[in-house]
Amino acid sequence: MINEDRRTRRVIINSDVKNEADDQFAVVHALLSSTLDVRGIIPAHFGSHRIADSLEASRAELDLLLEMLSLSRDVPTADGAPHALLDEQTPVDSPGARLIIDEARRSDAGPLFIAFLGPLTDMASALLLAPDIADTDTTVIWIGGPPYGDLVSVGSWPEFNLKNDIASANVVFDSGIRLWQVPSNVYRLVNVGYAELEARVEPHGELGRYLAQQVVDFNTEYHRVAIESRSLGDSPAIGLMLEPFSGVMRRQSGVRFSADGHYEAADPEREILVVESVDVRFLLEDMFTKIAGHGR
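Residues numbered from 1 in each chain as written. Predicted model: local features only at pLDDT ≥ 70, side-chain atom pairs only at ≥ 80, totals over all residues. Heavy atoms only, no water.

A. Local environment of the overall build of the protein. Check the secondary structure of the protein and you find 11 helices and 11 strands. By the compact-globule yardstick of 19 Å for 296 residues, the protein fits well, its C-alpha radius of gyration being 18 Å. With respect to the three principal axes, the spread of C-alpha positions in the protein is 50 × 50 × 35 Å. The contacts in the protein between residues at least 6 apart in sequence include a share of 77% that link residues at least 24 apart. Entry remark: accessible area of the protein is about 13,200 Å², with carbon and sulfur atoms responsible for 49%. Of the side chains in the protein, 26 bear a positive and 46 a negative charge, and the two mean positions are spaced by 4 Å. (Helix = DSSP H or I, 4+ residues; strand = E, 2+ residues; numbered from the N terminus. Rg over C-alpha atoms; globule rule 2.2 N^0.38 Å. Contact = heavy atoms within 4.5 Å. Areas by Shrake-Rupley, 256 points an atom, 1.4 Å probe, with all protein chains shown as cover. Lys, Arg positive; Asp, Glu negative; His and termini not counted. Charge placed at Lys NZ, Arg CZ, Asp CG, Glu CD.)

B. Region of the structure containing the packing of aromatic side chains. Taken as a whole and assessed by the stated rule, the structure comprises seven aromatic pairs. Ring centres of Tyr148 and Tyr263 lie 4.0 Å apart, and the angle between their planes is 20 degrees; on these two criteria the pair is classed as stacked. Taken together, the positions of Tyr148 in the loop between β4 (138-143) and α5 (160-163) and Tyr263 in strand β10 (residues 263-265) put the pair 115 residues apart, joining distant regions of the chain. Judged by its relative accessible area of 13%, Tyr148 is buried. Aromatic pair Phe257 and Tyr263: ring centres 5.0 Å apart, planes at 40 degrees, arrangement tilted. Given a relative accessible area of 3%, Phe257 falls into the buried group. Put simply, the rings of Trp142, Tyr148, Phe173, Phe257 and Tyr263 touch in pairs and so form one group of aromatic residues. If you follow Arg50 out to its NZ or CZ, it ends over the ring of Tyr222, 4.6 Å from the centre. Lying across the ring of Tyr148, Arg250 places its NZ or CZ 4.9 Å from the centre. (Phe/Tyr/Trp six-rings, centres within 6.5 Å; stacked < 30°, edge-to-face > 60°. Buried < 20%, exposed > 50% of the residue type's maximum accessible area, 1.4 Å probe, protein only. Lys NZ or Arg CZ within 6 Å of the ring centre and 35° of its normal.)

C. A look at the sheet that holds strand β2 (residues 36-43). Taking strand neighbours across the sheet as the criterion, the seven strands line up as β2-β1-β3-β4-β5-β11-β8 in an open arrangement whose pairing is mixed. Looking at strand neighbours, the two that pair on one side only are β2 and β8 (247-253), the edges of this open sheet. Strand-to-strand, the axes of this sheet are offset by a mean angle of 25 degrees, without reference to chain direction. (Pairing = 2+ DSSP bridges. Axes fitted to C-alpha atoms, helices over the stretch in contact; angles between N-to-C directions.)

D. Local environment of helix α11 (residues 280-295). Relative to the 22 Å expected for 16 residues at 1.5 Å per residue, α11 spans 22 Å between its end C-alpha atoms, a close match to the ideal helical length. The complete set of buried residues in α11 reads Leu283, Leu284, Met287, Phe288, Ile291 and Ala292. Projected down its long axis, α11 carries its buried residues within an arc of 150 degrees, all on one side. Its buried side turned inward, α11 meets α1 (23-31), β6 (191-193), α8 (194-200), α9 (205-222) and α10 (236-242). Of the residues flanking the start of α11, the one acting as N-cap is Asp279, its side-chain oxygen 3.4 Å from the backbone nitrogen of Arg281. (Expected span 1.5 Å × (residues − 1). Arc of directions from axis to C-beta. Polar contact = N/O pair within 3.5 Å; in protein donor to acceptor, adjacent residues only side chain to side chain.)

Here is the structure:
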């Protein structure tokens, strides 16, 4: 048995966890990682095109995962906004936004990493409510946005997490807070097949069976053609919090988004880091092994 390093990294997870079938893996991976001090999980909305109350659905799914992990009383949770920003000036106040503000303002606990696996509504609201947090030792990791340059975007347009709140993305990108972006051409490459899930995840207890089956169930309900795989596209955010060197990043001068989801040049003094590739082997092996360990 390896003697573990007991130091931890302070993190918050913001997740539209019932949106598809990949957030669940990312949330579980974070909670099974001993070096991540999860200061809170914020269930998030994912628009109203699929169901009327997406925040409520995310809350119910998060509660289910915490119950399966026997962590219902151990992990702080705080609901995010029930809907997108109305404009770039008006926050949607919520317990989730207040949790972000409180943790970002702490000066006694080291750096803070916040993973956004859906829209940036709650980060934008926190910044609008408390602009000073942009100057704290906080890193936002966002799974979202289309490819840059001439790379072709596949799937919905605008990119799904962006589409659910373009105004919030502009608030965050304009704020100057430290931002790592994982665009769609990168996050879509974290693919797993049914065969791999059946071998590596499903055998490991109630949690493993649920995680594997809900991928199949989602694909069956929402895909018109036969498919036997799914991208665990939210998981790079967890891999980057566990090991920042597991991603290859480049510097990107300031951008923001048009109303139809395209990049536009913005303040050149603003700079973000765009993740161009992730170590998928490390990410999936670490996740699957931790799920197996929990099942034992």
